[in-house]
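Single-letter residue listing:
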Amino acid sequence: MPYASADALLKRSILYYQGRPIGTAAACDDRPAAANYDECFVRDFVPSALVFLMRGEYEIVRNFLLTVMQLRAQQPVMPGHQRALGLMPASFRVVEEDGKERLLADFGELAIGRVAPVDSAMWWMFLLRAYVRSSGDAAFAARPEVQLCMRQTLELYLKESFEAAPTMLVPDGSFMIDRRMGVYGHPLEIQALYYGMLCTADELLEQHSDNEKLRQTITIRSNALRSYVRLYYWMGRDRLNEIHRYHSEEFGIDARNVLNVYPETIPDWIDGWLCPSSGYLVGNVGPGRIDFRFFALGNLLAILVGLATDQEAQAIMRLYQHHWDALVGEMPLKIVYPAVSGSEWRHLTGSDPKNAPWSYHNGGNWPVLLWPFIGAARRTGRADLAERAMFELGERLCQQNWPEYYDGRRGSLIGRRANYQQVWSATAWLIADELMENPASGALFDQFWFS
Ligand code: GLC
């Protein structure tokens with residue numbers, strides 16, 4: 001029974017600190033692919049938390065939110081600079097020293113590749129809102145320390161930099177794709193999370209005169225971000241034609257090709273791939289650059305947080321329908337399409353063997369992506385696609401012991417270095433299963449606001 005198996009895995013993964021549940025381990029595999037999979041990752045805890053919230057088990061989620069908030073104080077001083085308090089850890093673990101329990105956080109200084117987890121604080125905000133919505137505990141968000149934490153986070157995430165666009169600039173691998181994959185710059189997933197974070201803050205920051213200026217900044221930034229993403233990231237037939245016929249080297253205020261993208265950068269695979277009624281948000285946009293790859297989580301989050309318009313959301317779901325084999329395949333869902341190979345793979349990944357073509361982050365299929373997919377299908381009224389993705393899926397995942405990811409163009413092979421007993425593979429299925437049974441349960445992460 002997949003339900004019992006997923007539920008048992010979730011229960012086994014719970015981490016306790018001083019007798020209280022505070023999070024869940026990323027995997028319960030006896031031979032994990034890396035030493036830190038027994039830690040609680042902030043982003044991995046999100047689907048665990050949604051399951052707990054759907055069941056009315058609020059305590060562990062509240063403890064987690066407080067724990068991560070307090071762990072900010074453990075930030076190490078990085079060579080040459082002190083990071084702002086708004087940064088949240090990628091993961092944490094409970095250790096025992098001299099018979100005493102201690103919490104140890106990792107802000108990326110221990111992680112492979114030393115990546116800064118830019119997405120952690122954004123997922124924390126996402127969860128804070130889901131917690132308040134589901135439990136009704138608005139007093140928690142109103143606590144002075146939670147309000148202070150939100151303000152410090154926003155100060156960091158709204159800081160002036162050298163940007164010419166309202167999107168957020170991040171290094172490679174600073175979110176779910178946490179290895180080099182050519183996702184530096186302005187990746188879509190970060191922009192969708194950023195938009196969600198700004199909207200959450202607008203909802204949960206106290207109506208207080210001290211917050212007025214911050215609120216104004218939030219409104220201006222989120223409006224600009226939404227318009228910018230809708231204009232520059234959207235890719236449909238019309239937009240593709242426009243780019244195909246772009247003039248380049250335009251100077252001044254009348255320029256149409258403002259980012260100076262050369263039509264020659266349009267990849268071959270996209271010709272004929274986009275049918276007229278479908279479209280998607282591209283992976284990354286910057287000066288002279290459009291990354292045309294399709295990133296699943298960014299697109300699905302854009303639907304869930306209302307960054308995509310209703311028509312765009314429908315067009316994205318139609319893209320899934322038309323390219324089911326490529327984007328869903330045998331195991332929902334493909335993390336990015338297409339994979340990079342050859343010299344592109346060497347340059348973009350630094351010849352990373354774990355990210356070989358059609359594996360892991362480079363075109364692997366990840367069961368965790370099921371929850372945002374079913375959530376997006378629910379929001380767009382595409383129950384048919386949700387049912388198709390879920391068909392006999394639980395049985396397979398359970399039989400194969402909840403792998404972390406799958407390999408191959410159609411995702412038919414268990415990932416070469418995938419963990420078994422990967423907790424977010426099980427929790428994503430539990431959420432999806434609950435959404436199918438009881439669509440109203442999705443209200444806890446329903447669309448944000450200023451659409
Ligand atoms: C891998 C994934 C990352 C995840 C972690 C724990 O590093 O890339 O997104 O949080 O494993 O599952």
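Scroll up a little and you will see the structure.
What comes next concerns the included structure.

Definitions and limits used
- Residues numbered from 1 in each chain as written.
- Predicted model: local features only at pLDDT ≥ 70, side-chain atom pairs only at ≥ 80, totals over all residues.
- Heavy atoms only, no water.
- Helix = DSSP H or I, 4+ residues; strand = E, 2+ residues; numbered from the N terminus.
- Rg over C-alpha atoms; globule rule 2.2 N^0.38 Å.
- Contact = heavy atoms within 4.5 Å.
- Areas by Shrake-Rupley, 256 points an atom, 1.4 Å probe, with all protein chains shown as cover.
- Lys, Arg positive; Asp, Glu negative; His and termini not counted.
- Charge placed at Lys NZ, Arg CZ, Asp CG, Glu CD.
- Pairing = 2+ DSSP bridges.
- Near = heavy atom within 4 Å.
- Polar contact = N/O pair within 3.5 Å; in protein donor to acceptor, adjacent residues only side chain to side chain.
- Nonpolar A, V, L, I, M, F, W, Y, C, P; charged D, E, K, R; others polar.
- Axes fitted to C-alpha atoms, helices over the stretch in contact; angles between N-to-C directions.
- Expected span 1.5 Å × (residues − 1).
- Buried < 20%, exposed > 50% of the residue type's maximum accessible area, 1.4 Å probe, protein only.
- Salt bridge = Lys/Arg side-chain N within 4 Å of Asp/Glu carboxyl O.
- Core = buried A, V, L, I, M, F, W, Y, C linked by side-chain atoms within 4.5 Å.
- Phe/Tyr/Trp six-rings, centres within 6.5 Å; stacked < 30°, edge-to-face > 60°.
- Lys NZ or Arg CZ within 6 Å of the ring centre and 35° of its normal.
- Left-handed = near helix turned anticlockwise from the far one by under 90°.

This part covers the overall build of the protein chain. A count of helices and strands for the protein chain gives 17 helices and 13 strands. Here the protein chain has a C-alpha radius of gyration of 21 Å; the compact-globule value for 451 residues is 22 Å, and the two agree. Taken over the C-alpha atoms alone, the protein chain extends approximately 65 × 55 × 45 Å along its principal axes. Within the protein chain, residue pairs in contact and separated by at least 24 positions form 71% of the contacts whose partners lie at least 6 positions apart. As displayed, the protein chain has an accessible area near 18800 Å², and 51% of this comes from carbon and sulfur atoms. Charge-centre separation for the protein chain: the mean point of 44 positive side chains lies 1 Å from the mean point of 53 negative side chains.

Attention now goes to the pairing of strand S4 (residues 91-97). Where strand S3 (residues 40-41) lies against S4, two bridges are found, and the strand directions are antiparallel. Following the sheet pairing, Cys40 is matched in S4 by Phe92. Bridge count for S4 against strand S5 (residues 100-106) is seven bridges, and the pairing is antiparallel. Looking at the pairing, Phe92 lines up with Ala105 of S5.

Residues in contact with the ligand, as listed here, are Ala26, Tyr37, Phe41, Arg43, Asp44, Met176, Asp178, Tyr360, His361, Glu404, Gln422 and Trp424. Contacts to the ligand include Arg43, whose side-chain N or O atom sits 2.9 Å from an oxygen atom. One of the side-chain N or O atoms of Asp44 is found 2.6 Å from an oxygen atom in the ligand. Protein chains shield 95% of the accessible area of the ligand, which is 310 Å² for the free molecule. Considered class by class, the residues forming the shell around the ligand number six nonpolar, two polar and four charged.

For the rest of this paragraph, the subject is the environment of Ile22. For Ile22, the position within the fold is in strand S2 (residues 20-24). A C-alpha to C-alpha distance of 8.9 Å links Ile22 and Leu66, two positions 44 residues apart in sequence. In this structure, Ile22 is in contact with Leu15, Tyr16, Tyr17, Ile60, Asn63, Phe64, Thr67, Phe92, Val94 and Leu103, ignoring residues within four places of it in sequence.

In this section: the sheet that holds S5. Read from one edge to the other, the open sheet built from three strands follows the order S3-S4-S5, with strand pairing classed as antiparallel. Both outer strands of the open sheet, S3 and S5, are each paired with one neighbouring strand and no more. Lying over the sheet, helix H3 (residues 59-71) contacts S3, S4 and S5, oriented at roughly 85 degrees with respect to S4.

Before going further, it helps to examine helix H6 (residues 144-157). Its 14 residues give H6 an end-to-end C-alpha distance of 20 Å, which sits within 8% of 20 Å, the value for a rise of 1.5 Å per residue. Buried residues of H6: Val146, Gln147, Cys149, Met150, Gln152, Thr153, Leu154 and Tyr157, and no others. On its buried face, H6 is in contact with H3, helix H4 (119-135), helix H5 (138-142), helix H7 (188-204) and helix H8 (212-232).

Moving on to the pattern of salt bridges. Under the counting rule described, the total for this entry stands at 17 salt bridges. Where Glu97 meets Arg102, a salt bridge forms, and the shortest distance between an N and an O atom there is 2.9 Å. Relative accessible area serves as the criterion here: at 38%, Arg102 is assigned to the partly exposed category. In this structure, the salt-bridge partner of Arg293 is Asp291, at a minimum N-O distance of 2.7 Å. Taken together, the shared-partner salt bridges connect Asp7, Lys11 and Arg55 into one network.

Glancing now at helix H11 (residues 310-322). The end-to-end C-alpha distance of H11 is 19 Å, a good match for the 18 Å that 13 residues give at a rise of 1.5 Å each. Among all positions in H11, only Glu312, Ala313, Ala315, Ile316, Met317, Leu319 and Tyr320 are buried.

For the rest of this paragraph, the subject is the nonpolar core. With 160 residues, the main nonpolar core has Trp124, Tyr280, Tyr320, Trp371 and Phe373 as its most contacted residues. Here Trp371 is in contact with Val46, Pro47, Leu50, Trp123, Phe126, Leu304, Ala428, Ile431, Leu435 and Phe445, once residues within four sequence places are set aside.

What follows covers the packing of aromatic side chains. Tallied over the full model, the rule gives 22 aromatic pairs. Measuring from centroid to centroid gives 5.2 Å for Trp269 and Trp273, while their planes differ by 90 degrees, and the two rings are edge-to-face. The exposure class of Trp273 is buried, given its relative accessible area of 9%. Through a chain of ring-to-ring contacts, three or more aromatic side chains come together here, namely Trp269, Trp273, Tyr280, Phe294, Tyr320, Trp324, Tyr337, Trp358 and Phe373. Just above the ring of Tyr184 sits the side chain of Arg289; from NZ or CZ to the centre is 4.2 Å.

The next thing to look at is the packing of H3 against H4. Where H3 meets H4, the closest approach of the two axes is 10 Å, and the angle between their N-to-C directions is 145 degrees. Every pair of crossing elements has a handedness; the one defined by H3 and H4 is left-handed. Across from Val61, Arg62, Phe64, Leu65, Val68 and Met69 in H3, the residues of H4 making contact are Trp124, Leu127, Leu128 and Tyr131. Among the residues making up the contact of H3 with H4, the classes are represented as nine nonpolar, no polar and one charged.

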